Protein chains: 4
Amino acid sequence: MFIYEKVVPFYDVDSMRVVYHGNYIKYLEEARCAFLEKKNLTYTQMEELGFAFPIVELKVKYIKPSKFNDILEVLVSLDSFDNFLTFKYEIRNKETKEKICKAETKQMCVDVTKKESLFEIPQEIVSRLK
Amino acid sequence: MFIYEKVVPFYDVDSMRVVYHGNYIKYLEEARCAFLEKKNLTYTQMEELGFAFPIVELKVKYIKPSKFNDILEVLVSLDSFDNFLTFKYEIRNKETKEKICKAETKQMCVDVTKKESLFEIPQEIVSRLK
Amino acid sequence: MFIYEKVVPFYDVDSMRVVYHGNYIKYLEEARCAFLEKKNLTYTQMEELGFAFPIVELKVKYIKPSKFNDILEVLVSLDSFDNFLTFKYEIRNKETKEKICKAETKQMCVDVTKKESLFEIPQEIVSRLK
Amino acid sequence: MFIYEKVVPFYDVDSMRVVYHGNYIKYLEEARCAFLEKKNLTYTQMEELGFAFPIVELKVKYIKPSKFNDILEVLVSLDSFDNFLTFKYEIRNKETKEKICKAETKQMCVDVTKKESLFEIPQEIVSRLK
């Protein structure tokens, strides 16, 4: 479990004065990138190893709204990494601990030089994720 | 079935030269708004009727990438409107007709003045959607 | 003079219920791209010719706010193309003709293969812009 | 002088692999908000005092590009606060100290209840900014 902190910026809030639902996708990615950086596996490092991991599936359940300047905690965990990288997320308000949303993303592995989709996460990636 | 056309803008494309996965959420909303406008039920009109429809669930499956200046067609249909407004979407390349992604959104009805979630879509909304 | 039409999407509006000031930059670019496409000079075509045109200067004066679903007209004109591509813009409400903002962008020419900044717009670009 | 730190997120980078020029506007705002929070004058507090401060002018000079995961420092200073709030900014790479861009924003004061533009920054705002 990894926790990424995010302060809601003004430009992410919509006319209902809550974070626009589409903007949480960006918070998920920021959290995922921070998680992967800890594993020594940034997108740049993935690329140097010859792989890319495009998102192939995204699911979000929105539970409560959040507002400008709220401090959010994005809890991110790697759920599985056999044929896909599957991450699970929970976003909560740091202060009140109320759940804001839950989410899941699936990423496929692509061999960038061969331009081929792989049906298994390569060993050099798996070894870093463990 | 309603078709909304969208030209991919430069600022929606990421460093892999494809539309950033989070940006499709915006295209879904543009298509949904255009659909609802045809039904005489814009967000503004919903608000005047005293209701808001926050997104409570989002699912996207990404099938193929799209690039800067691609012309996309967002096919949107209202799947159900009993307790939630459920929309289904397919985004395809206008020229090649290749599927880019499939998606589903669920919106809950909120009575804005009473600040209450409703567990049924109100009759004045349903009558316009039919 | 070229006119580009843009309907204000919900996700571009902030909690003051007006278009977030930073989002007009995207409308300027959409208008500029549409203008350049007419000249047979999309970013993709520029790239094929071996050039890129990064923005080096941006100025915006905000005059009146615009709201969700407003139809805007972005008037774009190429002001000069000797050492920089300089575009001038005026955004106005299509219906009321009220001025929303005025803007100017300057783009430098970069020779992508040599990775060199050019201090003159190359002849093959100039000939298309005339 | 106030320094705000920002890590470039993946979704802000364009197909040239550099931060899309329009996205720096968001970094300016994040820095400005952090600066104002130190002065006990968040947008929320401004609103409670009955004022809003819409941006009326924006100028940016782009000097060098920045890339995904770069750590940026946004140096923000309040240049004047007589009839407008004028902020000046410099964005630089935290590690190399190279200048990325320079910018200036002007904000007007609006009395929200009277819906009137003010031609002087009110005393209760000025006293906090000093």
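It should be emphasised that the depicted structure is a prediction, and the values quoted were computed from it without experimental measurement.

**Q** Break down the overall build of chain A for me, with residues and values.
**A** On a plain count of helices and strands, chain A comes out with three helices and eight strands. Taken from N to C terminus, the helices and strands of chain A fall in the order β-α-α-β-β-β-β-β-β-β-α. With the C-alpha coordinates aligned to their principal axes, the bounding extent of chain A is approximately 45 × 25 × 20 Å. By residue count, 37% of the 130 residues in chain A fall in the buried class. The contacts of chain A with a sequence gap of at least 6 include a subset with a gap of at least 24, amounting to 65%.

**Q** Mind laying out the relation of the copies chain B and chain A, listing which residues take part and the relevant values?
**A** When chain B is fitted to chain A, the residual RMSD is 0.0 Å, and the transformation amounts to a turn of 180° plus an axial shift of 0.0 Å. Taken together, the rotation angle and the small translation identify this as a two-fold axis. By C-alpha distance to the rotation axis, the residue of chain B lying nearest is B:Lys59, at 2.2 Å. Interface overlap between copies: 100% of the residues of chain B at the interface are likewise at the interface in chain A, consistent with a symmetric, same-surface contact.

**Q** Mind laying out the interface of chain D and chain B, listing which residues take part and the relevant values?
**A** Across the boundary between the two partners, chain D contributes nine residues, which contact nine residues of chain B. A breakdown of the residues in the side of chain D that touches chain B according to their chemical character gives five nonpolar, two polar and two charged.

**Q** An account of the pairing of strand E3 (residues 55-62) of chain C is needed here, citing residue identities and associated values.
**A** Two strands pair when backbone bridges link them, and E3(C) and strand E6 (residues 99-107) of chain C are joined in this way by seven bridges, in the antiparallel orientation. From the neighbouring strand, C:Lys61 faces E6(C), where its bridge partner is C:Lys102. Across five bridges, E3(C) lies against strand E3 (residues 55-62) of chain D in antiparallel orientation. Counterpart to C:Lys59 in the pairing with E3(D) is D:Lys59.

**Q** Could you give an account of the sheet that holds strand E2 (residues 51-52) of chain C, naming the residues involved and the relevant values?
**A** Read from one edge to the other, the open sheet built from three strands follows the order E2-E7-E8 (chain C), with strand pairing classed as antiparallel. Each edge of the open sheet is held by one strand with a lone partner, namely E2 and strand E8 (116-118) of chain C.

**Q** Could you give an account of helix H1 (residues 24-38) of chain A, with specific residues and numbers?
**A** All names here are of chain A. Here H1 spans 22 Å end to end across 15 residues, near enough to the 21 Å set by a 1.5 Å rise per residue. Residues of H1 that are buried include every one of Tyr 24, Ile 25, Tyr 27, Leu 28, Glu 29, Ala 31, Arg 32, Cys 33, Phe 35 and Leu 36, and no others. Positive phi appears at Asn 40, one or two residues downstream of H1, with a value of about 65°.

**Q** Outline the sheet that holds strand E7 (residues 109-111) of chain B, listing residues and values.
**A** Hydrogen bonding along the main chain pairs the strands of a sheet, whether they run parallel or antiparallel. All names here are of chain B. Strand order in the open sheet made by the three strands is E2-E7-E8, with antiparallel pairing throughout. The open sheet has two free edges, formed respectively by strand E2 (51-52) and strand E8 (116-118), since each of these has just one partner strand. Taken together, the two bridges between E2 and E7 define a ladder with antiparallel strand orientation. When the sheet's bridge partners are listed, Phe 51 is paired in E7 with Asp 111.

**Q** So, the interface of chain B and chain A: which residues are in play, and what are the values?
**A** Tallying the contact residues gives 15 residues for chain B and 15 residues for chain A. Of all the secondary-structure elements, those providing two or more residues to the side of chain B that touches chain A are helix H1 (24-38) and strand E3 (55-62) of chain B. Broken down by element, the side of chain B that touches chain A gets its largest block of residues, eight residues, from E3(B). The residue makeup of the side of chain B that touches chain A, split by class, is nine nonpolar, two polar and four charged.

**Q** Would you mind going over the environment of C:Ser77 in detail, with residue names and values included?
**A** Residue and element names in this part refer to chain C. Locating Ser 77 in the fold gives a position in strand E4 (residues 71-80). We classify Ser 77 as exposed; it has 12 C-beta atoms within 10 Å. Distance from Ser 77 to Met 1, taken between C-alpha atoms, is 4.9 Å for residues 76 residues apart in sequence. Ignoring sequence-local partners within four residues, the contact set of Ser 77 consists of Met 1, Phe 87 and Lys 88.

**Q** An account of unusual backbone geometry is needed here, citing residue identities and associated values.
**A** Not every positive phi belongs to a glycine, and C:Asn40 is a case in point at roughly 65°. Look at C:Asn40 and you get exposed, because 9 C-beta atoms sit within 10 Å. One non-glycine residue with positive phi stands out, namely D:Lys97, at about 65°. Inspection of the secondary structure assignment puts D:Lys97 in the loop between strand E5 (85-93) and strand E6 (99-107). Taking the C-beta count within 10 Å as the criterion, D:Lys97 has 8 such neighbours and is therefore assigned exposed.

**Q** Give me the lowdown on the environment of C:Ile100, citing residues and values where you can.
**A** Residues and elements named next belong to chain C. Along the chain, Ile 100 turns up in strand E6. For Ile 100 and Tyr 24, which are 76 residues apart along the polypeptide, the C-alpha to C-alpha distance reads 9.8 Å. Setting aside residues no more than four positions away along its own chain, Ile 100 makes contact with Ile 63, Lys 64, Ser 66, Leu 72, Ile 91, Arg 92 and Asn 93.

**Q** Before we move on, could you go through the environment of D:Lys115 and cite the residues and values that matter?
**A** Of note, D:Lys115 is situated in the loop between strand E7 (109-111) and strand E8 (116-118). Separated by 64 residues in the primary sequence, D:Lys115 and D:Phe51 place their C-alpha atoms 9.4 Å from one another.

Cut-offs applied
Residues numbered from 1 in each chain as written. Chains lettered and ligands numbered in written order. Predicted model: local features only at pLDDT ≥ 70, side-chain atom pairs only at ≥ 80, totals over all residues. Helix = DSSP H or I, 4+ residues; strand = E, 2+ residues; numbered from the N terminus. Buried ≥ 20, exposed ≤ 12 C-beta atoms within 10 Å, placed from the backbone. Contact = placed C-beta atoms within 7 Å. Least-squares fit on C-alpha atoms with pLDDT ≥ 70 in both. Nonpolar A, V, L, I, M, F, W, Y, C, P; charged D, E, K, R; others polar. Pairing = 2+ DSSP bridges. Expected span 1.5 Å × (residues − 1).

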